[in-house]
Amino acid sequence: MIEQDDFDINTRLHTIVRGEDEAAMVESVGLALVKLPDVLNRLKPDIMIVHGDRFDALALATSAALMNIRILHIEGGEVSGTIDDSIRHAITKLAHYHVCCTRSAEQHLISMCEDHDRILLAGCPSYDKLLSAKNKDYMSIIRMWLGDDVKSKDYIVALQHPVTTDIKHSIKMFELTLDALISFNKRTLVLFPNIDAGSKEMVRVMRKKGIEHHPNFRAVKHVPFDQFIQLVAHAGCMIGNSSCGVREVGAFGTPVINLGTRQIGRETGENVLHVRDADTQDKILQALHLQFGKQYPCSKIYGDGNAVPRILKFLKSIDLQEPLQKKFCFPPVKENISQDIDHILETLSALAVDLGGTNLRVAIVSMKGEIVKKYTQFNPKTYEERINLILQMCVEAAAEAVKLNCRILGVGISTGGRVNPREGIVLHSTKLIQEWNSVDLRTPLSDTLHLPVWVDNDGNCAALAERKFGQGKGLENFVTLITGTGIGGGIIHQHELIHGSSFCAAELGHLVVSLDGPDCSCGSHGCIEAYASGMALQREAKKLHDEDLLLVEGMSVPKDEAVGALHLIQAAKLGNAKAQSILRTAGTALGLGVVNILHTMNPSLVILSGVLASHYIHIVKDVIRQQALSSVQDVDVVVSDLVDPALLGAASMVLDYTTRRIY
């Protein structure tokens, strides 16, 4: 056809690899890409015109784009239902100028961020021939291709191609189509499918059913365009899945049956009947009965017959001196603050885990020390239940962090007992947490969340919390004492946390303050924890309660409630002398421990943390005035103002390390 139109042919390229499967299509594109550079270097075109959405056109557009040749793409912006969609849009992104056929295609190109000034809505070039072709002598053409006994509007044109994204189904659909056409018993011109993957199998189906020798069928590989126009213009119906059926045939109002999904997104006139699920012969046969012989109004969706003059005018308007680099017209978007340093610092966060004797808590903690969200569950008694619950809670918190726009940098875990922070292993736990010795916490959490994990003792975490968020911020040396169920602590020396040679530093609750004091949970006696911990106060409260010496006027303990440290404190406030004496003794023991710390470490600050801190602070200060050397009596002792030091300390391990601060 190109030769017949007297084009000056400079080069002939043979690039189609036979095979009619997916690999052959890829090899054909690759072969074209290998051969095209030499041709383009020799031709040096000002503009390359690329038409449509075939894989060979993609090779041409790719070569031209990489060789800085301007590309004009015709029929971009349309939508269909196969790999052609992807190829068409890929060519659009490579092309510098665009000629589209419909208003919707134009809008699609604009939505794809193409420059509106470089888009021409011209209509389909083939319509220029279609709309002037119908009055020609057509009966001789019909007889030549279908036989002398065939009349106008009394035959069918069938053209069906493989769907490359679902070859197996498209072959089955072709088989059903042929069965329906055989049953319909009308003269039919069947065109062979294109060379896409799956076409070889479709040809086998034709031959298996004897289509080439069937008296009602004429099977052909090619019909010249001018003659094809006459054949579809005067057909009783066209059936298949070719774009010709939904585009060009509409110009004549010829009934069309569009099978399957290959043209699913195309704009169509009212002459097209869609059979999306062409899964039975009967369904296709019914469509043939509905459509055959009808005459529909001519459709001009794809053009008005004047596309070529518009395209020529557009070509002449192209300024070959303007910059070659494509510009995309992206829609306005909100200012992207995700790369703003203040925004990044605000959204950097950590997952913090606090393993207490009673509760297991997980929190999302921001860089500023704000607890964005907190989850609390009872701490299970067994290792398996506990580790599974930790993983579950952390996964839920990490998912929630995404919704809250928090960038999780890692996981920090605060737990009771002796911890090897280098390996992330709990060496020995307190008696409050069972089955928690020689436990590797880092590995399961890191493997599940794909995040770095830090683990440390709860006392050390409290000190880290004070250093980053609390009253120890900016201080070189300070000590934190936790007064809770047990007594713990952490030491910051020269801005660094002290772990000790066997990770046993800052076990401040086990400083001995009396040689003949009460037994301690550690196996010794006379420790601070044996006097001043919540467990110690609970023990003394039970003794008083058993002797009916705890309750005073205005107090009551429900039968189902266990007597604890808070009841002792309440009794002392209401004037119970024995309760006051016990608290004074506990505070004195804690005060003596602080004096020992002052004499040993000489910190610039001591921070009392935990639920009992406010009840001990005044007694501790009195003991320091009475017992400490004058050189350390000016050291300030304060109550922490942090609400969740364990969680904040766990978070600080993550936030300090990942933002390259000292840990």
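The structure presented is a predicted model; accordingly, all values stated were derived computationally and were not measured.

This part covers the overall build of the chain. Each helix and strand in the chain was counted, giving 22 helices and 23 strands. Taken over the C-alpha trace, the chain has a radius of gyration of 42 Å; the compact-globule value for 663 residues is 26 Å, which it surpasses by more than 25%. Counting every position in the chain, which comprises 663 residues, the buried fraction comes to 51%. Contacts spanning at least 24 positions in sequence make up 65% of the contacts within the chain whose residues lie at least 6 apart. When the accessible surface of the chain is totalled, it reaches about 31,800 Å², and 52% of it is carbon and sulfur. Once the 67 positive and 77 negative side-chain charges of the chain are each reduced to a mean point, those two points are 6 Å apart.

Taken in spatial order, the four strands line up as β1-β2-β3-β4 in an open sheet, and their pairing is parallel. In this open sheet, the two edge strands, each paired with only one partner strand, are β1 (47–51) and β4 (119–121). Neighbour-to-neighbour, the strand axes of the sheet open up by a mean angle of 15 degrees, direction not taken into account. Helix-sheet contacts for helix α2 (residues 55–66) involve β1 and β2 (70–74), and the interaxial angle to β1 is about 160 degrees.

All right, on to the packing of aromatic side chains then. Under the criterion given, the structure shown has four aromatic pairs. Aromatic side chains Y97 and F314 sit 6.4 Å apart centroid to centroid with 80 degrees between the ring planes, which places their arrangement in the edge-to-face category. Of this pair, Y97 sits in strand β3 (residues 97–100) while F314 is found in helix α12 (residues 307–317), placing the two residues 217 residues apart along the sequence. Just as Y97 is buried, F314 falls in that class too. Plain terms: the ring middles of F184 and F292 are 5.4 Å apart, the flat faces sit at 70 degrees to each other, and that makes the pair edge-to-face.

Okay, the sheet that holds strand β23 (residues 636–639) next. Spatial ordering of the open sheet is given by β21-β20-β19-β22-β23, a layout of five strands whose pairing is mixed. Each end of this open sheet is capped by a strand with a single partner; those strands are β21 (496–497) and β23. Where strand β19 (residues 478–483) meets strand β22 (residues 605–609), four bridges bridge the pair, whose relative direction is parallel. Considered in β22, the bridge of T480 is made with I607.

For the rest of this paragraph, the subject is the UniProt feature "binding site: an N-acyl-D-mannosamine" (unreviewed entry) in the chain. In this numbering, the UniProt entry assigns the feature "binding site: an N-acyl-D-mannosamine" (unreviewed entry) to R418, T430, D458, E507, H510 and E529. As for the lining of the largest cavity, the annotated residues named previously contribute R418 and E507. Residue placement: E507 occurs in the loop between β21 and α17 (528–532). Mapped onto the elements, H510 comes out in the loop between β21 and α17. Those residues in contact with H510 that lie beyond four places of it in its chain are C520, S521, C522, C527 and E529.

For the structure on display, the rule yields 31 salt bridges. Residue D85 pairs with R88 through a salt bridge whose shortest N-O separation is 2.6 Å. Residue D85 and its partner R88 are both found in helix α3 (residues 83–94); the two are separated by three residues, about one turn of the helix. Here D85 and R88 have matching classes, each one buried. In this structure, the salt-bridge partner of K129 is D226, at a minimum N-O distance of 3.2 Å. Placement of K129 in helix α5 (residues 126–130) and of D226 in helix α9 (residues 225–233) is noted, with a sequence separation of 97 residues between them. Given a relative accessible area of 45%, K129 falls into the partly exposed group.

The next subject is the UniProt feature "active site" (unreviewed entry) in the chain. UniProt's entry tags D458 with the feature "active site" (unreviewed entry), counted in the numbering of this structure. Along the chain, D458 turns up in helix α16 (residues 458–469). On the basis of relative accessible area, D458 is assigned to the partly exposed category, the value being 28%. In contact with D458, other than residues within four places in its own chain, are S414, T415, G416 and I482.

Our next topic: the packing of helix α7 (residues 167–184) against helix α8 (residues 199–208). As a packed pair, α7 and α8 sit with axes 10 Å apart at the nearest point and diverge in direction by 25 degrees. It follows that α7 is roughly parallel to α8 by the angle criterion. When you trace α7 past α8, the crossing you get is right-handed. Two secondary-structure elements touch here, α7 through I171, F174, E175 and L178 and α8 through E201, M202, V205, M206 and K208. Here the contact of α7 with α8 is built from residues that sort into six nonpolar, no polar and three charged.

Below, the discussion takes up empty space enclosed by the protein. Per the stated rule, a full pass over the model turns up five cavities of 30 Å³ or more. Forming the walls of the largest cavity are 13 residues, and the residues nearest its centre are N457, N460, F503, A505 and E507. For the lining of the largest cavity, the secondary-structure elements that each account for two or more residues are β15 (418–420) and β18 (453–457). A class-by-class count of the residues in the lining of the largest cavity yields five nonpolar, five polar and three charged.

In terms of nonpolar packing, the biggest core is built from 48 residues, with I156, I239, I257, L259 and L288 touching the most fellow members. It is α7 that contributes the most residues to this core, nine residues altogether. In this structure, this core is formed jointly by two domains, domain 1 (2–123 + 312–317) and domain 2 (129–291), each of which donates at least three residues. Not counting residues within four places of it along the chain, the set of residues in contact with L288 comprises I156, A180, L181, F184, C237, I239 and I257. Grouped together as the second largest cluster of nonpolar side chains are 46 residues, V563, I569, V623 and V637 included.

Moving on to helix α6 (residues 139–146). Considered for burial, the residues of α6 that qualify are M139, I141, I142, W145 and L146. All buried residues of α6 project into a common sector of 160 degrees when viewed along the axis, lining one side. Two residues or fewer after α6 comes G147, characterised by a positive phi angle close to 115 degrees.

This part is about the side chain of R70. Secondary-structure assignment places R70 in strand β2. Of note is the side chain of R70, whose polar atom sits 3.4 Å from the side chain of Y97. Engagement of the side chain of R70 in a polar contact is seen with the backbone oxygen of E322, the distance being 2.7 Å. If we skip the residues at most four places from it in the chain, R70 touches D46, I47, M48, H96, Y97, D319, L320, Q321, E322, P323 and L324.

Procedures and definitions
- Residues numbered from 1 in each chain as written.
- Predicted model: local features only at pLDDT ≥ 70, side-chain atom pairs only at ≥ 80, totals over all residues.
- Heavy atoms only, no water.
- Helix = DSSP H or I, 4+ residues; strand = E, 2+ residues; numbered from the N terminus.
- Rg over C-alpha atoms; globule rule 2.2 N^0.38 Å.
- Buried < 20%, exposed > 50% of the residue type's maximum accessible area, 1.4 Å probe, protein only.
- Contact = heavy atoms within 4.5 Å.
- Areas by Shrake-Rupley, 256 points an atom, 1.4 Å probe, with all protein chains shown as cover.
- Lys, Arg positive; Asp, Glu negative; His and termini not counted.
- Charge placed at Lys NZ, Arg CZ, Asp CG, Glu CD.
- Pairing = 2+ DSSP bridges.
- Axes fitted to C-alpha atoms, helices over the stretch in contact; angles between N-to-C directions.
- Phe/Tyr/Trp six-rings, centres within 6.5 Å; stacked < 30°, edge-to-face > 60°.
- UniProt positions renumbered as here; feature names shortened; annotations may be inferred.
- 1 Å grid on protein atoms, 1.4 Å probe; cavity = no way out; pocket = protein on both sides within 12 Å on 5 of 7 lines; lining within 4 Å.
- Salt bridge = Lys/Arg side-chain N within 4 Å of Asp/Glu carboxyl O.
- Parallel < 35°, antiparallel > 145°, perpendicular 65-115°, else oblique.
- Left-handed = near helix turned anticlockwise from the far one by under 90°.
- Nonpolar A, V, L, I, M, F, W, Y, C, P; charged D, E, K, R; others polar.
- Points joined across faces, edges and corners; volume = space filled by probe spheres on them.
- Core = buried A, V, L, I, M, F, W, Y, C linked by side-chain atoms within 4.5 Å.
- Domains from an automatic or database assignment.
- Arc of directions from axis to C-beta.
- Polar contact = N/O pair within 3.5 Å; in protein donor to acceptor, adjacent residues only side chain to side chain.

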